[in-house]
Amino acid sequence: MKLKHLLFLLTLAAFALPSCASWKQNRWLDAHHENLKRIANSKISAEAKLDALADDYVQFMKEDLKFVDPVKGVKYVKRYHEQNEALMEQILKEANVWQNNLSTLDKISLGLRTTKKPWIKDFIDLTPKFQKKYKQYAFALKLAGNIGKGVFGFAGKSLF
């Protein structure tokens, strides 16, 4: 009788574990969406919004790189993009307007400040890993490139 209960519990665990991972991923996606919605609708400066966007994106890349199965990773990337594309575009559009109005001296100052941002090291370290993992998926490269363009202010030029 005990063996029967043990088998039942093992079977139940086998079905529950994948759904726990999905639940965790959904929580991550919901948290990103809420964070980006808060950022996009806030009254903070465009520079602060870009910093917050870059920080959220770094967290997203860290989470995504935890996926061993590339198919699950791609699904996560797609869902993140689908859920947050409009919010990211809103933030990047506002940042682009702000950056276009900066003087040359202000742009140099922004470039120097950017090198000291808390997220910059992780962004630089994670982007090539992220792109390598998904080199066959053009949308992931485009997404990383768009974030990089917005963050670094290189309108029309790809960093990647």
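S.K.: I would appreciate a short explanation of the packing of helix H2 (residues 46-65) against helix H5 (residues 120-133) in the present structure.
M.R.: Relative orientation and spacing of two packed helices are given, respectively, by the angle between their axes and the distance between those axes. Contact geometry for H2 and H5: axes closest at 10 Å, N-to-C directions at 45 degrees. By the criterion of interaxial angle, the relationship of H2 to H5 is oblique. Seen along the crossing, H2 lies across H5 with a hand that is left-handed. In contact with Tyr57, Val58, Phe60, Met61, Lys62, Asp64 and Leu65 of H2, H5 contributes Asp122, Phe123, Leu126, Thr127, Lys129, Phe130 and Lys133. Taken together, the residues of the contact of H2 with H5 break down into eight nonpolar, one polar and five charged.

S.K.: It is not clear to me how the pattern of salt bridges should be interpreted in this structure. Could you clarify?
M.R.: Note on pairing: side chains with opposite charge can pair once their charged atoms come close. Within this structure, the stated rule accounts for seven salt bridges. Between Glu47 and Lys117 there is a salt bridge whose closest N-O contact spans 2.8 Å. Taken together, the residues span a long stretch of sequence, with Glu47 in helix H2 and Lys117 in the loop between helix H4 (104-114) and H5 at a distance of 70 residues. Taking relative accessible area as the criterion, Glu47 reaches 16% and is therefore assigned buried. Owing to a relative accessible area of 13%, Lys117 belongs among the buried residues under this scheme.

What counts, and where the lines are drawn
- Residues numbered from 1 in each chain as written.
- Predicted model: local features only at pLDDT ≥ 70, side-chain atom pairs only at ≥ 80, totals over all residues.
- Heavy atoms only, no water.
- Axes fitted to C-alpha atoms, helices over the stretch in contact; angles between N-to-C directions.
- Helix = DSSP H or I, 4+ residues; strand = E, 2+ residues; numbered from the N terminus.
- Parallel < 35°, antiparallel > 145°, perpendicular 65-115°, else oblique.
- Left-handed = near helix turned anticlockwise from the far one by under 90°.
- Contact = heavy atoms within 4.5 Å.
- Nonpolar A, V, L, I, M, F, W, Y, C, P; charged D, E, K, R; others polar.
- Salt bridge = Lys/Arg side-chain N within 4 Å of Asp/Glu carboxyl O.
- Buried < 20%, exposed > 50% of the residue type's maximum accessible area, 1.4 Å probe, protein only.

Read these as layout, nothing more, since geometry by itself doesn't imply function.
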